[in-house]
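# Commentary on secondary and tertiary structure
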Amino acid sequence: MARILAIESSCDETAAAVVDDRDHVLSSVIASQVDIHCAYGGVVPELAARQHVEAIGPVVRRALDEAGAGFDSLDAVAVTQGPGLIGSLLVGVCAAKAIAWRHDLPLVAVNHLEGHIRSPFIDQPGIEFPALALIVSGGHTSLYLCPKEGEYRLIARTRDDAAGEAFDKVAKLLGLGYPGGPVIERLAQGADESAHAFPHAQMKDGSLDFSFSGLKTAVRRRATERGLVHPEATGGEVSTEVRDLAASFQRAVVRVLVRRSLTACKRERVRSLLVTGGVSCNKRLRDAFRRSCEREGFALHIAAPRYTTDNAAMIAAAAFLHYERGAFAPLSINAYANFPL
Ligand code: KG4
Ligand code: ZN
């Protein structure tokens, strides 16, 4: 039996979790900074770092209290080392080092992307390899081939914006608020998603890479033609025209994510498809993946909604793989904004 305290602070969520034996989540505390950044329509790195400094102590304390755990009951402390915003990452890394040093615990450094990939494993037993993992978040849109547990090979990524970033930018240009994903999902319900046809970018070299900036530009053009660009609007009634445009955009994103992931599943002959990251919270996307995987015969494992956006339970889930191999980090580790998996 092993117990890990994990800390996540790579972007705008301060999170801590206590997890036993890989997947028994005793607590998962997330302090979101959305209210602070929403006035600016996106994450302001300097504000994020300062907010992490204020939140980190209370969040760790709460995670331990909710788990009924003391520092002396822990076997290791894990932390996200990268990728992410450097000022934000450093807060978590410094806190984890301090806890490790003070309580004489081994330190486990985790790649944020490995955390996302491990998120379906928390509550879904029997996931079979080889697997394909789609990470679809605000910072990343990538496909990883996982031949076996703990092995990751990048086979496709976005060449420009991440899918979540596209949701955020489209919401901003239509004056719908921040973060864009949940707002667009809500407004798209009951709207006409076939009102606008948006072609999806195909790579000329046959690669499975994604591109979302062309789609964002197409939405902007359509919105400009119809006088729907309102970057300063906040709240209030949203017109049917805007809702149809948002729904059509959502459909285009979902379509390309599903199609490309399934093409990769067939090409790589995997048994399972893992879908993770903030955008995978989207119900329209979850339903589309379910339908397609059922039709094509792939076992689908989408992270539970509470583990899709940034959280520390997924960091603990990834940390166990390193802990079990005895792969510990020295107290001299640094954080890295760019940190490939
Ligand atoms: O995984 P995450 O919390 O942070 C990163 O590692 O990037 O993902 C945040 C992203 C944001 O861009 C947000 O707009 C998007 O996930 N998102 C969604 C939904 N909920 C969050 N996108 C579409 N539909 C949603 N329901
Ligand atoms: Zn993330």
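In this report, we go over the structure that sits alongside the text. (Residues numbered from 1 in each chain as written. Chains lettered and ligands numbered in written order. Predicted model: local features only at pLDDT ≥ 70, side-chain atom pairs only at ≥ 80, totals over all residues. Heavy atoms only, no water.)

## Examining the overall build of the protein
When helices and strands are counted, the protein shows ten helices and ten strands. For 341 residues, the compact-globule estimate of 2.2 N^0.38 gives 20 Å, and the C-alpha radius of gyration of the protein, at 20 Å, lies within 12% of that figure. By its C-alpha atoms, the protein is 60 × 45 × 35 Å across when sized along the principal axes. Across the 341 residues that make up the protein, the buried fraction comes to 53%. Put simply, of all contacts in the protein between residues at least 6 apart along the chain, 73% involve residues at least 24 apart. (Helix = DSSP H or I, 4+ residues; strand = E, 2+ residues; numbered from the N terminus. Rg over C-alpha atoms; globule rule 2.2 N^0.38 Å. Buried < 20%, exposed > 50% of the residue type's maximum accessible area, 1.4 Å probe, protein only. Contact = heavy atoms within 4.5 Å.)

## Quick look at the site of ligand 1
Taken together, 19 residues lie near ligand 1, and G138, G139, D168, E185 and D310 sit nearest. Within the backbone of G138, a nitrogen or oxygen atom sits 2.8 Å from an oxygen atom of ligand 1. At 3.0 Å from an oxygen atom of ligand 1 is found a main-chain nitrogen or oxygen belonging to D310. For ligand 1, the protein covers 90% of the area, taking 560 Å² as the surface of the free molecule. Elements that contribute at least two residues to the shell around ligand 1 include exactly α4 (112–118), α5 (163–173) and α6 (180–188). When residues of the shell around ligand 1 are assigned to their parent elements, the largest contribution, four residues, is made by α6. Considering only residue class, the shell around ligand 1 consists of four nonpolar, twelve polar and three charged. (Near = heavy atom within 4 Å. Polar contact = N/O pair within 3.5 Å; in protein donor to acceptor, adjacent residues only side chain to side chain. Areas by Shrake-Rupley, 256 points an atom, 1.4 Å probe, with all protein chains shown as cover. Nonpolar A, V, L, I, M, F, W, Y, C, P; charged D, E, K, R; others polar.)

## Considerations on the packing of aromatic side chains
Enumeration according to the criterion identifies six aromatic pairs in this entry. Measuring from ring centre to ring centre gives 5.1 Å for F167 and F249, while their planes differ by 75°; the resulting arrangement is edge-to-face. A residue pair is termed long-range when its members are at least 10 positions apart, and F167 in helix α5 and F249 in helix α8 (residues 240–268) qualify at 82 residues. Like F167, the residue F249 is buried in the burial classification. An aromatic cluster of at least three residues, connected via ring pairs, comprises F320, Y323 and F328. A cation over a ring is seen here: R118 above F121, with NZ or CZ 3.9 Å from the ring centre. (Phe/Tyr/Trp six-rings, centres within 6.5 Å; stacked < 30°, edge-to-face > 60°. Lys NZ or Arg CZ within 6 Å of the ring centre and 35° of its normal.)

## Topic: the sheet that holds strand β3 (residues 24–32)
Strand order across the open sheet formed by five strands is β3-β2-β1-β4-β5, with mixed pairing between neighbours. Each edge of the sheet is formed by a strand with only one pairing partner; in this case those strands are β3 and β5 (107–111). The sheet shows a mean angle of 20° between the axes of neighbouring strands, taken without regard to direction. Pairing analysis gives six bridges linking strand β1 (residues 3–8) to strand β2 (residues 13–20), with the strands arranged antiparallel. Opposite L5, over in β2, you have V18 as the bridge partner. Along the sheet, helix α3 (residues 86–103) makes contact with β1, β4 (76–82) and β5, crossing β4 at roughly 160°. (Pairing = 2+ DSSP bridges. Axes fitted to C-alpha atoms, helices over the stretch in contact; angles between N-to-C directions.)

## Some words on the side chain of Q33
Considering the arrangement of structural elements, one finds Q33 in the loop between β3 and α1 (34–37). Assessed through its relative accessible area of 2%, Q33 is described here as buried. At a separation of 2.8 Å, a polar atom in the side chain of Q33 contacts the side chain of H37. A polar contact is formed between the side chain of Q33 and the backbone oxygen of A48, at a distance of 3.2 Å.

## Focus on the coordination of the zinc ion (ligand 2)
Ideal donor angles around a metal are set by the shape: a four-donor tetrahedron calls for 109.5 degrees, a six-donor octahedron for 90 or 180 degrees. Of the protein atoms, only H112 (NE2), H116 (NE2) and D310 (OD) coordinate the zinc ion (ligand 2), at distances of 2.0 to 2.1 Å. With four donor atoms in place around the zinc ion (ligand 2) and angles of 94 to 137° between them, the coordination shape is irregular. (Donors = N, O, S within 2.8 Å, 3.2 Å for Na, K, Ca; no water. Tetrahedral: all angles 85-135°; square planar, octahedral: opposite > 155°, others 65-115°.)

## So, the nonpolar core
Membership of the largest hydrophobic core comes to 49 residues, with the highest contact counts inside it found for L174, F212, F249, L257 and F289. Taken together, the elements giving at least two residues each to this core come down to β6 (131–136), β7 (141–146), α5, α6, α7 (213–225), α8, β9 (272–276) and α9 (283–296). Top contributing element to this core by residue count: α8, with 13 residues. For L257, the contacting residues outside a window of four places in its chain are L134, V136, T141, A163, F210, F212, L285 and F289. Core analysis: the next-biggest nonpolar cluster, separate from the first, contains 29 residues, I7, A63, A67 and A109 among them. (Core = buried A, V, L, I, M, F, W, Y, C linked by side-chain atoms within 4.5 Å.)

## Quick word on unusual backbone geometry
In this structure, the amide linkage connecting G82 to the following residue, P83, adopts the cis form with an omega of -10°. Mapped onto the fold, P83 is located in the loop between β4 and α3. The omega angle of the peptide bond from Y178 to P179 is -5°, so this bond is cis rather than trans. As for its placement among the helices and strands, P179 is situated in the loop between α5 and α6. Of note, the phi angle at D21 is positive, near 45°, even though the residue is not glycine. Mapped onto the secondary structure, D21 falls in the loop between β2 and β3. Residue classification places D21 among the partly exposed residues on the basis of a relative accessible area of 37%. Backbone geometry places D104, a non-glycine residue, at a positive phi of 55°. With respect to the element layout, D104 can be found in the loop between α3 and β5.

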